[in-house]
Structures are given as structure tokens and as C-alpha cells.
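# Descriptive analysis of the structure
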Amino acid sequence: MGVTGVVRRTGLPRDKCGIPIAPASSVIHTRTPVPCRAVPTPIESITVFCSSSDRLAPAYRAAAEELGDCLSQEGLTLVYGAGSVGLMGVLARSTQRKGGRIIGVITQRLIDAEQLHTRCDETIVVDTMRERKLLMESRGDAIIVLPGGWGTIEEFFEITVRRLVGEHTKPIVMVNTAGYFDPMLAMIDHMIEEGFAKAAMRSLFLVCEKPAEAIEALLRGDGRMQPDDSMMPSGVAREA
Ligand code: AMP
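Each chain carries its own residue numbering, running from 1 in the written order of its sequence. Local features are withheld for residues below a pLDDT of 70 in this predicted model, meaning they are given only at 70 or higher, and side-chain atom pairs are given and counted only at 80 or more; totals for whole chains, interfaces and linings count all residues.

Ranked by size, the top nonpolar core spans 46 residues in total, and within it Val 48, Leu 91, Ile 144 and Leu 146 carry the most contacts. Put simply, DSSP marks the helices as runs of H or I at least four residues long and the strands as runs of E at least two long, and each gets a number from the N terminus on. When residues of this core are assigned to their parent elements, the largest contribution, 6 residues, is made by helix H1 (residues 58-73). C-beta atoms are first placed from the backbone for all residues, and any pair lying within 7 Å is then listed as a contact. Sequence-distant contacts of Ile 144, that is, excluding residues within four places in its chain, are made with Ile 46, Val 48, Leu 67, Val 173, Val 175 and Ala 214. Residues of type Ala, Val, Leu, Ile, Met, Phe, Trp, Tyr and Cys that are buried and joined through C-beta atoms within 7 Å form what is called a nonpolar core. With C-beta atoms placed from the backbone, a residue is labelled by how many other C-beta atoms lie within 10 Å of its own: buried for 20 or more, exposed for 12 or fewer, partly exposed between the two.

Here you go:
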């Protein structure tokens, strides 16, 4: 499958989603969203969504640090929002400290706000946050969600909805550091109890306490189950 948008670099090797892989430290500009095809593969890269805040308790920073360590130890590439701030910055620095590889996907607007981690092995600059999310999704073989705020929670719900409707089949793991996500998990239970969601939707994502458990689960192949119609919201039938 090829890339449908304009990519201002040609002759590059392509990854398994058909997206050109730029040489280290180079920049690809894309203009239109890159379509993603879910490919059941061994896990080689992991997309991480997490906070951009620097005002967090040490436990959250420690979790980002631990995840970076695990990624580099396991030789897994980090795909993330290319930020230098908050848990994103902690995660990127910790992954690179022991030689891990990182791919950052960011909008020009965020670069202009000087929030780019300038040492990504590959930096992909896109126009909009929507393109960014699609590209982040397509470049990772699995998704990990660390604690975060507005942006992270939006990313979590979008990636789970896209899995629900069959637009990708990548495993998703939430790392519930210090019970941060408990109120959101309670809200999901409430949605199910009140009939706004089906009980099977709980299996759209895994929940772990520690980053190391999330990596172990993904490497074991947990969370690969295909969503089925029992998960679809009432009244929505998936095409065969
Ligand atoms: P939040 O949880 O509100 O801090 O937002 C973090 C998420 O939104 C990350 O996973 C990023 O993809 C995106 N994001 C928000 N702010 C930034 C930033 N300054 N630099 C890079 N990505 C950001």
C-alpha cells in the first residue's frame, strides 16, 4: 500500500504500512492524512500517548522513565508526539539514554511553540493534530497510554473507537499509574451499566499498573483479539 499524500522525499525505504522511513534526524513533511492498514505483526514499535505537563508528582515521571528503559532494553522503537515537555520529554530522554530509537510526529505549530524534542531519530512534521494521530497510530505496532490530560484522553478514546469500528487491530494498553485512570474506568463502567456501551468494550484495551507489565503483555501477544459485533454500539453493524 502506498502513501496517498505528498511526501517531500522520494526513494526512501518504506515501513510495513507503506510509509517512507526517513534517514536519522531528517524531516518528512506530509500534507494529507496517511491511511493506515492494520497489520498483525510482531511488536517492534510502540506508540505512546502521555502528558505534556511538567507539574506532575514523581510517580508519573517515574512511570515514563521506566517505560523508556523497557523500550530501549527490548529494542522497541518509540513513536510519540515529539515533545520535549512533560512525560513525553521524560520518556524520550529515558528511551534514548540506553540507545533506544525514537520517532516523533509533530505539527509545525507545536514546533513553533518550541516544544520539539530535537533529538528524535526521525521527525515527521504534519499540518494538523488529526494527521498526527493517524501517523502515530500507523507507525506503532501497539499503543500504550500513560497518564495524561485533555490531549492524552482524547487520543485514548479515538484510538479505542477506531479499533472498535475495525479501522485498526493494534493492541492498546493503559498504564494506570497510582490509579490515575480509576475515575475514567469508573465512568466507562457507568456507561456500560447505563446501556451507553456494551460490556465487551472493556476488552478493547488492557489495563496494567506498571509500564514493565504493559511491555510484557504486549510481547506475549496479549490484547490482540479482534473486536467483534458484540462490541459494536447498539444499532451499528459492521460490514462483513
Ligand atoms: P495532554 O495529555 O493534554 O498533556 O496532551 C498530551 C498529548 O497530546 C500527547 O500524547 C501529544 O500527542 C499531544 N500533545 C499535547 N501537547 C503537546 C506538546 N506540547 N508537544 C507535543 N505533543 C503534545
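On we go.
Moving on to unusual backbone geometry. Even without a glycine there, the phi angle at Ala 82 is positive, about 65°. Within the fold, Ala 82 resides in the loop between strand S3 (77-80) and helix H2 (86-97). Exposure remark for Ala 82: the 26 C-beta atoms within 10 Å place this residue in the buried category. Look at Ala 178: it is not a glycine, yet its phi comes out positive at around 55°. Position of Ala 178 among the secondary structure elements: in the loop between strand S7 (172-175) and helix H6 (182-193). The class for Ala 178 is partly exposed, based on 13 C-beta atoms found within 10 Å.

This part covers the confidence of the model for the chain. Low-pLDDT stretches of the model should not have their predicted coordinates read in fine detail. Along the chain, pLDDT gives the predictor's confidence residue by residue, from 0 to 100. Residues at a pLDDT of 70 or more form 78% of the chain, whose mean pLDDT is 84. For the stretch residues 1-14, pLDDT sits under 50, and the model shows 31 contacts to residues farther than four places along the chain or on other chains. The model gives residues 20-26 a pLDDT under 50, and that stretch makes 18 contacts with residues more than four places away or in other chains.

Moving on to the environment of Phe 181. Following the sequence through the fold, Phe 181 ends up in the loop between S7 and H6. Residue class for Phe 181 comes out buried when judged on the 21 C-beta atoms lying within 10 Å of it. Residues Phe 181 and Ile 153, spaced 28 residues apart in sequence, show a C-alpha to C-alpha distance of 9.7 Å. Excluding residues within four positions of it along the chain, Phe 181 makes contact with Met 174 and Asn 176.

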